[in-house]
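Here's the letter readout for the chains.
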Amino acid sequence: MQQAIAVLDSGVGGLTVVKEVMRQLPQEKVIYFGDTARSPYGPRSAGEVQTFTRQIVDYLIQFNPKMIVIACNTATAVAIDDIRERVSIPVLGVISPGARAAIKHTRSGIIGVIGTDGTIRSKAYEHALRLISPHIQVYSEACPLLAPLVEKGLFDADRSHEVVEQSLKPLVGKPMDCLILGCTHYPFLTEAISSVMGPNVTLISSADETAREISTILYHRNLLATSGQLPIHQFFCSGEPELFKKIAENWLKEQISITPVVWQVPTII
Ligand code: DGL
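Since the model is a prediction, treat every value here as computed from it, not as a measurement.

1. Some points on unusual backbone geometry
(1) Moving on: A cis amide bond links serine 39 to the next residue, proline 40, at an omega of 0°.
(2) Moving on: Following the sequence through the fold, proline 40 ends up in the loop between strand 2 (30-34) and helix 2 (46-60).
(3) Moving on: Residue asparagine 64 is not a glycine yet carries a positive backbone phi of 55°.
(4) Moving on: With respect to the element layout, asparagine 64 can be found in the loop between helix 2 and strand 3 (67-70).
(5) Moving on: The phi dihedral of lysine 253 is positive, around 60°, even though this residue is not glycine.
(6) Moving on: Of note, lysine 253 is situated in the loop between helix 11 (241-252) and strand 10 (258-260).

Below, the structure written as structure tokens:
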């Protein structure tokens, strides 16, 4: 059995990373978990997000994946160290790749970051950016309404423009040359975000850099898939599967099958 890359998020957001993995690493099998029953993670406490992330990883580990990708900024911000201690396979989050992509792009050294309440509160992007480049100036803004909009499938520019405009108001006109989409749901809203921020602000999604980093990690560990065959991916979600399937197929441009998962463990909703 081909060992897969296990990818997780609170919902459909991590599919933005999956799409890049499929493009850059077409032979790799992906096992995806969207915790849609408990989405959004953004307003939850760090402890809750850590518990949920642990539960998902415990679930995914039964498939014997070769690597885990926490394709959720909110979970990466508070749970990646804990998960790295629990498993013996490589664990990659999306914050360091996102920070690296922004540093690569910026000329002015002034960077914007948008994310969930949890991510912005954690200051994880400021830390990741300043670890690479100590004098970077960062404007950050929590946009708690955006991920739920995407989960409902309301991400086309017409329907999302007003909420996106309100959410980004504090950042418009700030002298940044790029804006990190610090939530994996936000690439669904690229058109609306771009039109609000204007042509001088480049949007940085961590998906591309994360996929590149997955590729590097697998290459150095001699774990890259080389079967020559196209893999059959597996998708799991803890909430209502129909909308998830519709959004996923529309985004990935391929048919998928979804296995619903009902949490058997005591949980906080
Ligand atoms: N997609 C997630 C992130 O990157 C979480 C969104 C949410 O559940 O609030 O932070």
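2. Considerations on helix 6 (residues 124-132)
(1) Moving on: When helix 6 is considered as a whole, its buried residues turn out to be Ala124, Tyr125, Glu126, Ala128 and Leu129.
(2) Moving on: Check the buried side of helix 6 and you find it contacts helix 3 (73-86), helix 4 (95-105), strand 5 (110-115), helix 5 (117-122), strand 6 (137-142) and strand 7 (178-181).

3. Observations regarding the site of the ligand
(1) Moving on: Looking at the ligand, there are 13 residues lining it, with Ser10, Tyr41, Asn73, Thr74 and His185 nearest.
(2) Moving on: Within the backbone of tyrosine 41, one N or O atom sits 2.7 Å away from an oxygen atom of the ligand.
(3) Moving on: Isolated, the ligand exposes 300 Å² of accessible area, and the fraction of that covered by the protein chains is 99%.
(4) Moving on: Among the residues making up the shell around the ligand, the classes are represented as five nonpolar, seven polar and one charged.

4. A closer look at the sheet that holds strand 4 (residues 91-92)
Strand pairing in a sheet takes place through backbone hydrogen bonds and is either antiparallel or parallel in direction.
(1) Moving on: The six strands lie next to each other as 4-3-1-2-9-10, forming an open sheet whose pairing is parallel. Single-partner strands in this sheet number two, and they are strand 4 and strand 10.
(2) Moving on: Here two bridges tie strand 3 to strand 4, and the two strands are oriented parallel to one another. Residue valine 69 lies in a different strand from strand 4, and its bridge partner there is leucine 92.

5. Section: the pattern of salt bridges
(1) Moving on: Across all of its chains, the model carries 13 salt bridges by this definition.
(2) Moving on: Across the pair aspartate 35 and arginine 38 runs a salt bridge whose closest N-O atoms are separated by 2.8 Å.
(3) Moving on: Here aspartate 58 and arginine 86 are joined by a salt bridge, their closest N and O atoms 3.0 Å apart. Pair noted here: aspartate 58 is in helix 2 and arginine 86 is in helix 3, with a separation of 28 residues, a long-range link.

6. Comments concerning the side chain of glutamate 126
(1) Moving on: Among the secondary structure elements, glutamate 126 is positioned in helix 6.
(2) Moving on: The charged side chain of glutamate 126 is buried without a salt bridge, its nearest counter-charge being lysine 123 at 4.5 Å.
(3) Moving on: Setting aside chain neighbours within four positions, we find glutamate 126 in contact with Val138 and Ser140.

7. Quick notes on the packing of aromatic side chains
(1) Moving on: Considering all chains together, one arrives at 11 aromatic pairs under this definition.
(2) Moving on: Pairing phenylalanine 155 with phenylalanine 188 gives two aromatic rings, centres 4.9 Å apart and planes at 50°, and the pair type is tilted. Pair noted here: phenylalanine 155 is in the loop between helix 7 (146-151) and helix 8 (157-168) and phenylalanine 188 is in the loop between strand 7 and helix 9 (190-197), with a separation of 33 residues, a long-range link. For the pair phenylalanine 155 and phenylalanine 188, one class covers both residues: buried.
(3) Moving on: Note that lysine 19 overlies the ring of tryptophan 251, its terminal NZ or CZ placed 4.5 Å from the centroid.
(4) Moving on: Positioned above the aromatic ring of phenylalanine 52 is the side chain of arginine 38, whose terminal nitrogen or guanidinium carbon lies 3.8 Å from the ring centre.

Criteria and thresholds
- Residues numbered from 1 in each chain as written.
- Predicted model: local features only at pLDDT ≥ 70, side-chain atom pairs only at ≥ 80, totals over all residues.
- Heavy atoms only, no water.
- Helix = DSSP H or I, 4+ residues; strand = E, 2+ residues; numbered from the N terminus.
- Buried < 20%, exposed > 50% of the residue type's maximum accessible area, 1.4 Å probe, protein only.
- Contact = heavy atoms within 4.5 Å.
- Near = heavy atom within 4 Å.
- Polar contact = N/O pair within 3.5 Å; in protein donor to acceptor, adjacent residues only side chain to side chain.
- Areas by Shrake-Rupley, 256 points an atom, 1.4 Å probe, with all protein chains shown as cover.
- Nonpolar A, V, L, I, M, F, W, Y, C, P; charged D, E, K, R; others polar.
- Pairing = 2+ DSSP bridges.
- Salt bridge = Lys/Arg side-chain N within 4 Å of Asp/Glu carboxyl O.
- Lys, Arg positive; Asp, Glu negative; His and termini not counted.
- Phe/Tyr/Trp six-rings, centres within 6.5 Å; stacked < 30°, edge-to-face > 60°.
- Lys NZ or Arg CZ within 6 Å of the ring centre and 35° of its normal.

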